[in-house]
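Coordinate inspection notes
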Amino acid sequence: MGAVVRVYVSVDMEGVTGLTDPEEMRAGGRGYERGCELMTADANAAVQGAFDAGAEAVCVNDAHSSTKNLRIDLLDPRATLIRGPGKPLRMGQGLDPGHRAACFVGYHARAGVEHGVLNHTWMGKEIQNLYLNGEVCGETRLVASFAGSLGVPVALVTGDEAVCEEARELLGDVETVAVKKGINKFSAELLPPSVAQARIREATVRALGRLADFRPYAAEPPFTLGIEWNSTAIAAGCAIIPGVRSVGPRHTEFTTDDFAQIMGMMGLLATIGGQIACDSGVYG
């Protein structure tokens, strides 16, 4: 592994081994506690693979919803964990140019992808489509673009088959692990956890052993974040923010030369959108 010292792991939950039910990913929901254990086990598989490949430090970022899902008491003690809401860089919090590689664990397909288990983009239903510089964008592309802006390549993506296909189309010959095959949005054919996690560990070792094959994914500045909301009310509320412009009844855009601002604005707009949607009842 040579000069590789630090590895970054961003962990979402919809693509975690064994999970198909939104209740399993929502605090207080049926099966949530077990979901957190499975999420931590997938993260640990990547952490173990990184250290097996010679990493000296691994930073894990809890990137799902409240970002208070990973079990610190069950996490590999060689890793550190970033958790808790309000993180300015959200799914990319903690990532910096000193990392030699980024790994995305438990990721899912973007909104509208057929057979994508729990497919969505950033929010469960409020965002119809997300665009980066005019091209449709899922969370994999968004966070990979942030990593790329820092000069960090993505080496590994795990989740369902659909997100693995999305990652290869976007990033090329990146290492992927499909831990489940979607039947529809809420059902899938699953690998047993022991099998899936062994594959994640092995793929992480392979990925970090061939870092010369990967290049940072770099979008071209200026960066324009476009959001097609499912509600005119959300679009109108978000367009009030200085720098955010309305480009249609349900569309907003934000442009900057700093991709960190894209990450921060994405989180801010989602917070506003969620609040408006939750307060608007059945007509939201």
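Refer to the structure printed above.
Heads up: these notes are all about the structure in this document. Everything quoted here is computed from the prediction, not taken from an experiment.

1. Here we look at the environment of Glu-166
Mapped onto the elements, Glu-166 comes out in helix α3 (residues 161-171). With 77 residues separating them along the chain, Glu-166 and Leu-89 place their C-alpha atoms 23 Å apart. In contact with Glu-166, other than residues within four places in its own chain, are Ala-109, Arg-110, Val-113, Gly-138 and Thr-140.

2. Thoughts on the sheet that holds strand β7 (residues 154-160)
Taken together, the seven strands give an open sheet; going across it, the order is β3-β2-β1-β4-β7-β8-β9, and neighbouring strands pair in mixed fashion. Two strands close off the open sheet at either side, each with one partner strand: β3 (79-82) and β9 (187-190). Each strand of the sheet is rotated relative to its neighbour by a mean of 25°, with strand direction disregarded. In terms of strand pairing, β7 meets strand β8 (residues 175-184) through five bridges, oriented parallel. Among the inter-strand pairings, Val-157 is bridged to a residue of β8, identified as Thr-176. Here helix α1 (residues 32-52) sits on the sheet and contacts β1 (6-11), β2 (57-62), β3 and β4 (101-107); the angle it forms with β2, its principal contact strand, is near 160°. Contacting β4 and β7, helix α2 (residues 139-149) runs over the sheet at an angle of about 160° to β4.

3. Brief notes about the packing of α2 against α3
For the pair α2 and α3, interaxial distance at closest approach is 10 Å and the crossing angle is 40°. Between α2 and α3, the angle falls in the class oblique. At the point where α2 passes α3, the crossing takes the right-handed sense. Listed contacts from α3 to Thr-140, Arg-141 and Ala-144 of α2 are Val-163, Glu-166, Ala-167, Leu-170 and Leu-171. Considering only residue class, the contact of α2 with α3 consists of five nonpolar, one polar and two charged.

4. Focus: the pairing of β3
Of the two faces of β3, the one lined by Ala-79 and Leu-81 is fully buried and the one lined by Thr-80 and Ile-82 carries no buried residue. Relative to β3, β2 runs parallel, the two sharing four bridges. Counted as the bridge partner of Asn-61 is Ile-82 from β3.

5. Description of the pattern of salt bridges
With the rule as written, the count across this model stands at 18 salt bridges. Residue Arg-210 pairs with Asp-173 through a salt bridge whose shortest N-O separation is 3.6 Å. With Arg-210 in the loop between α4 (193-209) and β10 (223-229) and Asp-173 in the loop between α3 and β8, this pair connects stretches of sequence that are 37 residues apart. Under the relative-accessibility criterion, Asp-173 is labelled exposed at 58%. In this structure, the salt-bridge partner of Arg-210 is Asp-213, at a minimum N-O distance of 3.0 Å.

6. Thoughts on the state of the cysteines
Tallying each qualifying case throughout the model produces zero disulfides. Here Cys-59 is not cross-linked by a disulfide; its sulfur's nearest cysteine counterpart is in Cys-103, at 12 Å.

The rules behind the values
- Residues numbered from 1 in each chain as written.
- Predicted model: local features only at pLDDT ≥ 70, side-chain atom pairs only at ≥ 80, totals over all residues.
- Heavy atoms only, no water.
- Helix = DSSP H or I, 4+ residues; strand = E, 2+ residues; numbered from the N terminus.
- Contact = heavy atoms within 4.5 Å.
- Pairing = 2+ DSSP bridges.
- Axes fitted to C-alpha atoms, helices over the stretch in contact; angles between N-to-C directions.
- Parallel < 35°, antiparallel > 145°, perpendicular 65-115°, else oblique.
- Left-handed = near helix turned anticlockwise from the far one by under 90°.
- Nonpolar A, V, L, I, M, F, W, Y, C, P; charged D, E, K, R; others polar.
- Buried < 20%, exposed > 50% of the residue type's maximum accessible area, 1.4 Å probe, protein only.
- Salt bridge = Lys/Arg side-chain N within 4 Å of Asp/Glu carboxyl O.
- Disulfide = S-S within 2.5 Å.

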